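Descriptive structure summary
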Amino acid sequence: MKTVSCFGASLTAGRVSFDYLELLRAKPSLKAFQFINRGIDGDLAWNGLQRLDEVISDQPDAISILIGTNDVNATMSERNRLRYLNFNHLPTDPTLPWFEETLRLTVGRLKYETSAQISLLSLAIIGEDLNHEANQKVRLYNEAIRRVATDEKLDYLPLYERMVDYLQAHEADRASLPPQLAYKDGFTNVGNAIGLHASGLSWDEVSHRNGLLLTTDCLHLNSIGAGMVADLIENWLIQL
C-alpha cells in the first residue's frame, strides 16, 4: 500500500468544502493508495511550514500540496490582513514574495527529509468573476507556484487553469441559476454557506443557491470543483 499525504488548508481538510479525499479514496484506480488528510482550516503557507513534522512522520510515498488561498485572501483588505495576522499568529504581513519563500522552504524540507514524489497544485479560483482583483492575484501566486515547481523539478498540477476552462465553457449554465454570489473580502459568504450546509443542504445545493458553478461561497469547492482536484491527483499518481 502506497501512502499519499495531501497537504493544505480548508480545501483539503474537507470540513467546510466538498471533501476531495473522499473522491480519491473511492476511485478504483487508486485502491493501492491510502490517503492521509493533512489539511488545516485557515492555514497560510507559513502555518503549513510549522507543521511539516506530521507530514514527514507519515513516511509518504507521495505528497500533494494545495496551499495559498488564504495567503491571497489575506491581501484583499486591511480587515483580512489584521484577521490573519492575529488569528494565525503570523510573524510578518502576508505578501507574495513571502509566500514564495515559504513554499520553497516547505518543498526543500520535504525533499530533504522524505523520499516522496511531490506535486504542487495551482490555487483554485477566488470567486467566479475571472476579471476580479482576487483572481488577478491568484494568477500571480500561481506563477510563483509554477516557478517553485520548475526550479525544484516537481510536478505542477493545473487546478486553476482547469477551473477557468470549465467556467468559460459553461458560462451559459448561469442562466438557469440564481444571481451569482460576489466575492467579499470578509468571511460573510463563508459563514452563510456553513449555515446553509448545517441546515441540511448539501454543498452542491449551497453552490446552486448562490448561483455558482464550482464553489459554494467563492472560496470553497462544490463536488465539481473538488472533483477537479481529485482527478488531477489521480492522474498524477497513476503516472508516477
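These lines cover the structure that appears in this document, whether it is placed above or below. (Residues numbered from 1 in each chain as written. Predicted model: local features only at pLDDT ≥ 70, side-chain atom pairs only at ≥ 80, totals over all residues. Heavy atoms only, no water.)

This part takes up the environment of Tyr84. Within the fold, Tyr84 resides in helix α6 (residues 78-87). Classification of Tyr84 by relative accessible area gives buried; the value is 1%. Expressed as a C-alpha distance, the spacing of Tyr84 and Asp43, which sit 41 residues apart in the sequence, is 9.1 Å. (Helix = DSSP H or I, 4+ residues; strand = E, 2+ residues; numbered from the N terminus. Buried < 20%, exposed > 50% of the residue type's maximum accessible area, 1.4 Å probe, protein only.)

Per the counting criterion, the structure on display carries 20 salt bridges. Where Lys111 meets Glu152, a salt bridge forms, and the shortest distance between an N and an O atom there is 2.9 Å. Taken together, the residues span a long stretch of sequence, with Lys111 in helix α7 (residues 96-113) and Glu152 in the loop between α8 (133-151) and β5 (155-157) at a distance of 41 residues. Of the residues examined, Lys111 reaches a relative accessible area of 37% and is grouped as partly exposed. Taken together, the shared-partner salt bridges connect Arg38, Asp43, Arg51, Glu54 and Asp58 into one network. (Salt bridge = Lys/Arg side-chain N within 4 Å of Asp/Glu carboxyl O.)

Moving on, we come to helix α10 (residues 188-198). Every buried residue of α10 is accounted for by Asn189, Val190, Ala193 and Leu196. All buried residues of α10 project into a common sector of 130 degrees when viewed along the axis, lining one side. In this fold, the buried residues of α10 make contact with α11 (203-209). Remark: Gly200 follows α10 within two positions and exhibits a positive phi of approximately 120 degrees. (Arc of directions from axis to C-beta. Contact = heavy atoms within 4.5 Å.)

Counting residues in each nonpolar core, the largest one holds 67 residues, and the members touching the most others are Tyr20, Phe35, Ile65, Leu120, Leu159, Ile233 and Leu237. For this core, the leading source of residues is helix α12 (residues 223-239), giving eight residues. Excluding its chain neighbours within four sequence positions, the residues that come into contact with Phe35 are Val4, Cys6, Leu21, Leu24, Arg25, Leu30 and Leu237. Core analysis: the second largest hydrophobic core is formed by six residues, Leu44, Ala74, Leu85 and Leu90 among them. (Core = buried A, V, L, I, M, F, W, Y, C linked by side-chain atoms within 4.5 Å.)

Attention now moves to empty space enclosed by the protein. Inspection of every chain in the model, using the stated rule, returns one cavity of 30 Å³ or more. Taken as a whole, the largest cavity spans an internal volume of roughly 30 Å³. What lines the largest cavity is Tyr183, Lys184, Gly186, Phe187, Asn189, Val190, Asp217, Cys218 and Leu219. Per-class residue counts for the lining of the largest cavity are five nonpolar, two polar and two charged. (1 Å grid on protein atoms, 1.4 Å probe; cavity = no way out; pocket = protein on both sides within 12 Å on 5 of 7 lines; lining within 4 Å. Points joined across faces, edges and corners; volume = space filled by probe spheres on them. Nonpolar A, V, L, I, M, F, W, Y, C, P; charged D, E, K, R; others polar.)

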